[in-house]
Structure formats: structure tokens, C-alpha cells
Amino acid sequence: MLRRLIVVHKEVETGMIKAENVQKWFGPNLAVDRVSFEVSQGEVLGFLGPNGAGKSTTMRMLTGFLPLSGGKITIGGHNIEEEPIAAKSMFGYLPENAPAYADMNVQQFLAFTAAVRGLSGAAKDDAVEKAIATCHLGRVRRQSIDTLSKGYLHRTCFAQAILHDPPILILDEPTDGLDPNQKHEMRELIKNMGKDKAIIVSTHILEEVEAICTHVIIIDQGRLVFNGTPAEMRAKSATAGTVVVRIRGVAFIDVEQAVASLPNAGKPSLTSKHEGAITVSIPIQDSKKKDGLAAAVKTLLDSRNWAFDELHTDSGRLDDVFRAITSLDSAKKEADQ
Amino acid sequence: MRNTWIIAKRELASYFSSPVAYVFIVIFLLLMGFFTFMMGGFFRYNEASLLSFFVWHPWLYMLLVPAVGMRLWAEERRMGTLELLFTMPVTLAQAITGKFLAGWLFLGFALLLTLPMPITVFYLGEPDLGPMLTGYFGSFLIAGTYLAISGMTSACTRNQVISFITSVVICLFLVLAGYPPVTSLLLKWGAANWLVEFAAGLSIIFHFESMQRGVLDLRDLIYFGTLTTFALFTTAIILRNRR
């Protein structure tokens, strides 16, 4: 809350990245179908979708690499097709698979990208040094890029994207090929930069969304199927709102009978049984009224004097929602054809 | 302008950071010497001129320049760096001229390394300086034209072999266009006279000949300029439509 207030005070620039009804045809195939979204300063947008859903194609249109078949994209207020140079100098881009010039070494490569970004002299050297420090590339700075390991290659390309400190970052699978420690560090980096930049991150790793994103969009078969916050996405889960309770010394039948009297409680199920304790999941009946069930269960347990050592409300699982949204949609589309 | 030079510098550095540049220069000089002295009969002419040297340039370039040009775009496409380059604040024209300039400067550098040739000639006799200068100039223009053409074929594909072969064939056509076997074949196919003349006018040899004799004709300059610009523009169109 505090952070939001501070950001508001600095006058957030809204709509730094703006896509309106973006379309892309590859011959007779519609790869991206009227996708619209917006990213403002201080937001990290997670761009989700199964492989081949059109994530990279959309990223390539955002960055001006691929021409649009329809719709409009503005980056920092500049139309990417009408003012490509102005728009392109607003962002840093990490393409999929982290391409880099294999015949250069890390430092030469970064110096080259800094020069193309308009930096020169001491400013260029500073930017390169800072990027090398931020991405921990000191050890390989004189190493030829074609001999780098995948993790280093990825970080070199990431360094290229952030070195001119752009207000907008467009990152296609930024943690791909990194080990768990590097992944963690990369996420922290993105989260920190997300405070005053507009960032869009494509990924298919859902824990990443939980960790860094303020907003989520899901694209499937070229169409936008979800647009909201990670919490809203989780709430769509079938298990969201389910109350899980672990009770000692009581038979499941008794619990089942007792719960049946509660309002808005569905049929409970026994999830596990261990050393005299049973874990029971009680789903909600009406998904619109989420609150209150946990309290009702607690009152019930207290009134019967049943001892419990765990009671919580499930907030839903992102991968459930992701699977439900994308597979449902694919099935429907296949049925259509 | 600044971006063009930054891109050209990077490209030039990449020639010399790999064996490409050194292999090219050594082979170029070896073949140049071989053709001039053994095939061209440099000494047999018994005159202080570079005719038997320049006459081989269109032929040698035909094989060697596509080897330089084939990687210009095919390599970027294969490595994925094309995406990086075209999402930076660089225009298509800057990228194309930058890369072309780098290749051309490199070829010019290789050509400069043949300077012992004219020095030898000056040592042996009293040659005309004019034809030598225009000959070198023409040779440099041919290299640029071939380079632009192989850059164009390179933009079409991610496969350097395809790019190489296609540009060799196009350059071969430009060399052969004026030769009687080609023109008579065209006539036999029933081509109109003006078409045959047009084809003959496309011949590199025809335009290079006068330069070897020391004549700097505006029409020859226009010919090389047009071919090069046309190839560079086509490269731009290909890159715009095929990413």
C-alpha cells in the first residue's frame, strides 16, 4: 500500500506499453487474434500461455521486429510502426534464446549495444561496467560469446537489455536456462526494477508469476483468455475458498455429518489420514460467497470440542487455473474446426 | 551516420576476429599472383602495364566476393541476432549501409595489399599512371557491386551455401552477359535485338575494359552505381518482408 502511494506521488505514467486489437497472420494462419493489454510504470505484467500460443510473436510485434497485420501498438506514446526509432529507444529487449554476436567477447558486445543506444565516452563505459556488475559477468567479460555457458549467455543478453536504463523492459522468458540460484536472483532483479519501470515478462513458469508479477494475461491459440491480477487468477481456481482442516481423534463420518449442517459447505472429502489425525477438505457450494466458511467451521469445531491443529482457506492454485483456461479453450477450438 | 559507422566497425572487427579475413586475403593474393604471372603471361607481353593483372579481377571476385558477402545477413538470421539488431534504434538503411561499407572496406584493404604489383611494374619500366589508377578504381567498384549482390542473396536465406551459390551464378551472368556464346544463345532463342544488346550492356567486362585503358566514362560509373544501389534496395525490401 505504501509503495503504491509513493508511486502515485511520482505521477505514474500509464499505458507505457499499449496494445490495441493486435493481429498477426502468417499466411492463412491467424497467430495472434485481436489481443489488447496495457502496462503502466511500476507494473510487471506476466505474459502466460502454452508453447506456440503466440507469446513470442506478440513480443516481436511489440518490439517492432515483426510488422502487425492489424491493430496498433504504442511504446511510451510512440507508435511502433510510425515512429520506430523513437519507440525502440524507449525499451530494452531480451529476445527468446538470448541471441548475441558469437564472435565478440562479452565486454565488446555490451560496448557495441551501448554505442547503438546512443551512449559514448565515459557514459558508455559506466553503463557497460554497471551492467556487468548487475548481471555478475565480471568473470567472463573477456570471454568470447560462443564459448559462454547458457546461463552466462542469457545474462549477457539481459545485460544488453538493461544497460541503457530504459523505462520499459520486454523480456521473453528471462529465466530460461538459469539454475535455481540465478533464477531467484533474476526474479529479485526484475521485481526491483519493476518499481519504476514498465515490464512485460513472458514465461510459462507459474511460480514466477507469483514471485514477480503485478498483473497477468494469458494467451491461448492467439487469443487473450485472461487479464487480471495473480490473486484474481488464483481465485478462479476450483479449489479456491476450500477450507482445509486437520482434526485429531474424530472419525470422518462424524465430521461429514456435522459439516452438512453448515451453510454454503459442499460435500467434504478425506484427503489424508495419519496417526489418528484426519485432514478434511470442505469445498464451498456457492463460489460467489467465499468468506465465512472458515469461521463457521471453527465455530462448529469449538462447539463440539474437537481438537484441530490446522485450519486454513485454500487460495487456489495458478497451475489449475492455467490448465483449466488454456485446455478448455483448445478443446473448444478443436471442436469448432 | 553515427549508427552506420558503429555497425560497420562491429562488422569489420568480426572479419578480423575470425580466420575469415586472413584466409580470404592469403587466397586472394595467391590467386591474383598465379593468374597474373602464370595464366596472364605478365612477362610475355613485355610491356610495363597491369593489363594482365586487372583482366582477372572480375573472375576472381566472382568466386571470392560472395564468400565475404554470404555471411552478411544469413549469419545474423541463423544466430538470431537479426532480431536484436532490428529491435534497437537503428534504421534498416543504416544497418544495410553499415554492413555493406564494412565488407567493401575489407575488400578494398585486400586490394591495397596488391600494391607490390604496380610497384614492380614501375621498377621494370615506365608505365602510365592513369590506367593503373582507373583500373584499381574500377576493380574496387566491381568488388562493391558483387558484394551488394551477394548481400542481397544473403538476406534471402539463413543458409550461407545457398547464398554463395546464388550470388556466384548472378555474378557469372554479369561477367558472361557480353560474350558471344551468351549473346548468340539469346538470339537463337528468338530474343529481340534490343534485348540482346541490353544483356550485353549488363556485362561487367564491357564496362571494366575502358577503365583498364584509363578511360573514366560517366556511363560506366552510372552502371556500377545503379547495380549496387539496386542490389542494396532489394536487400532492404527482402529484409522488410522476410524476418
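Source: prediction; values computed, not measured.

**Student:** Help me get a handle on the overall build of chain B, residues and values and all.
**Tutor:** Along the backbone of chain B there are 14 helices and zero strands. Going residue by residue from the N terminus, the α and β elements of chain B occur as α-α-α-α-α-α-α-α-α-α-α-α-α-α. The C-alpha extent of chain B, read off along each of the three principal axes, is 60 × 50 × 30 Å. Across the 243 residues that make up chain B, the buried fraction comes to 52%. The contacts of chain B with a sequence gap of at least 6 include a subset with a gap of at least 24, amounting to 77%. Counting only carbon and sulfur atoms, one obtains 73% of the accessible surface of chain B, whose full area is about 11,600 Å². The distance from the centre of the 15 positive side-chain charges to the centre of the 11 negative ones in chain B is 15 Å.

**Student:** Describe the packing of aromatic side chains, naming the residues involved and giving the relevant values.
**Tutor:** Between two aromatic rings, the relevant description is the distance of the centres plus the angle of the planes. Evaluation of the coordinates by the stated rule reveals 21 aromatic pairs over all chains. Between F53 of chain B and Y136 of chain B the ring centres are 6.1 Å apart and the planes differ by 55°, which places this aromatic pair in the tilted class. Of this pair, F53 of chain B sits in helix α3 (residues 51–54) while Y136 of chain B sits in helix α9 (residues 129–156); the two residues are 83 residues apart in sequence, bridging distant segments of the chain. Pair check on accessibility: F53 of chain B and Y136 of chain B agree, each one buried. Connected via pairs of aromatic rings, a cluster forms that spans Y15, F16, Y22, F24, F28, Y61, F106 and F109 of chain B. The ring of Y101 of chain A has R10 of chain B sitting right over it, with the charged end atom 3.6 Å from the ring centre. The positively charged end of K99 of chain B is found above the aromatic ring belonging to W73 of chain B, 5.1 Å away from the centroid.

**Student:** Pulling in residues and values, what's your account of the domain arrangement of chain A?
**Tutor:** Considered domain by domain, chain A is made up of domain 1 (2–235) and domain 2 (243–313). Taken over C-alpha atoms, the centre of domain 1 of chain A sits 45 Å from the centre of domain 2 of chain A.

**Student:** Give me the lowdown on the confidence of the model for chain A, citing residues and values where you can.
**Tutor:** Averaged over every residue, the pLDDT of chain A is 86; residues scoring 70 or more account for 92%. The low-confidence segment residues 1–9 of chain A, where pLDDT is below 50, has five contacts with residues more than four positions distant or belonging to other chains.

**Student:** Any chance you could break down the interface of chain A and chain B for me, citing the residues and the numbers?
**Tutor:** Between chain A and chain B, the residue contacts involve 28 residues of the former and 23 residues of the latter. Taken together, the two surfaces of chain A and chain B that pack against each other cover about 2,300 Å², and 66% of this comes from carbon and sulfur. Looking at the side of chain A facing chain B, the largest losses of area belong to F65, Y101 and V116 of chain A, adding up to 31% of the total buried there. At the boundary of chain A and chain B, one finds three salt bridges. Among the ionic pairs, E83 of chain B bridges to R60 of chain A, the shortest N-O distance being 3.1 Å.

**Student:** Just give me the short version of a nonpolar patch on the surface, but keep the residues and values in it.
**Tutor:** A grouping of F16, Y22, L29, F109 and L113 of chain B is seen on the molecular surface, where their side chains present a nonpolar patch of about 420 Å² in accessible area. The residue L113 of chain B is located in the loop between α7 (92–112) and α8 (116–124) in this model.

**Student:** If you had to explain the sheet that holds strand β12 (residues 269–274) of chain A to someone new, which residues and values would you point to?
**Tutor:** Residue and element names in this part refer to chain A. Ordered by their spatial adjacency, four strands build an open sheet running β12-β13-β11-β14, and the pairing between neighbours is antiparallel. Looking at which strands have only one partner, the edges of the open sheet turn out to be β12 and β14 (308–313). Averaged over neighbouring strand pairs, the angle between their axes works out to 15° when direction is ignored. Against the sheet, helix α10 (residues 252–260) makes contact with β11 (243–248), β12 and β13 (277–282), and its axis sits at roughly 30° relative to β13, the strand it touches most. Packed onto the sheet, helix α11 (residues 293–304) meets β11, β13 and β14 and runs at close to 160° relative to β14.

**Student:** Help me get a handle on the pairing of strand β8 (residues 198–202) of chain A, residues and values and all.
**Tutor:** Residues and elements named next belong to chain A. For β8, the tally of buried residues reaches five of five residues, placing the bulk of the element in the interior. On β8, burial covers both faces: A198, I200 and S202 on one face and I199 and V201 on the other are all buried. With four bridges connecting them, strand β3 (residues 44–48) and β8 associate as parallel partners. By the bridge assignment, G46 is partnered in β8 with V201. Where strand β7 (residues 168–172) lies against β8, five bridges are found, and the strand directions are parallel. Counterpart to I168 in the pairing with β8 is A198. The parallel pair β7 and β8, bridged by helix α7 (residues 180–193), forms a crossover whose chirality is right-handed.

Basis of the calculations
Residues numbered from 1 in each chain as written. Chains lettered and ligands numbered in written order. Predicted model: local features only at pLDDT ≥ 70, side-chain atom pairs only at ≥ 80, totals over all residues. Heavy atoms only, no water. Helix = DSSP H or I, 4+ residues; strand = E, 2+ residues; numbered from the N terminus. Buried < 20%, exposed > 50% of the residue type's maximum accessible area, 1.4 Å probe, protein only. Contact = heavy atoms within 4.5 Å. Areas by Shrake-Rupley, 256 points an atom, 1.4 Å probe, with all protein chains shown as cover. Lys, Arg positive; Asp, Glu negative; His and termini not counted. Charge placed at Lys NZ, Arg CZ, Asp CG, Glu CD. Phe/Tyr/Trp six-rings, centres within 6.5 Å; stacked < 30°, edge-to-face > 60°. Lys NZ or Arg CZ within 6 Å of the ring centre and 35° of its normal. Domains from an automatic or database assignment. pLDDT = per-residue confidence, 0-100. Buried area = accessible area lost by both parts, 1.4 Å probe. Salt bridge = Lys/Arg side-chain N within 4 Å of Asp/Glu carboxyl O. Patch = residues over 30% accessible without salt bridge, like charges linked within 9 Å, V, L, I, M, F, W, Y side chains within 5 Å. Pairing = 2+ DSSP bridges. Axes fitted to C-alpha atoms, helices over the stretch in contact; angles between N-to-C directions. Right-handed = clockwise from strand over helix to strand, strands pointing away.

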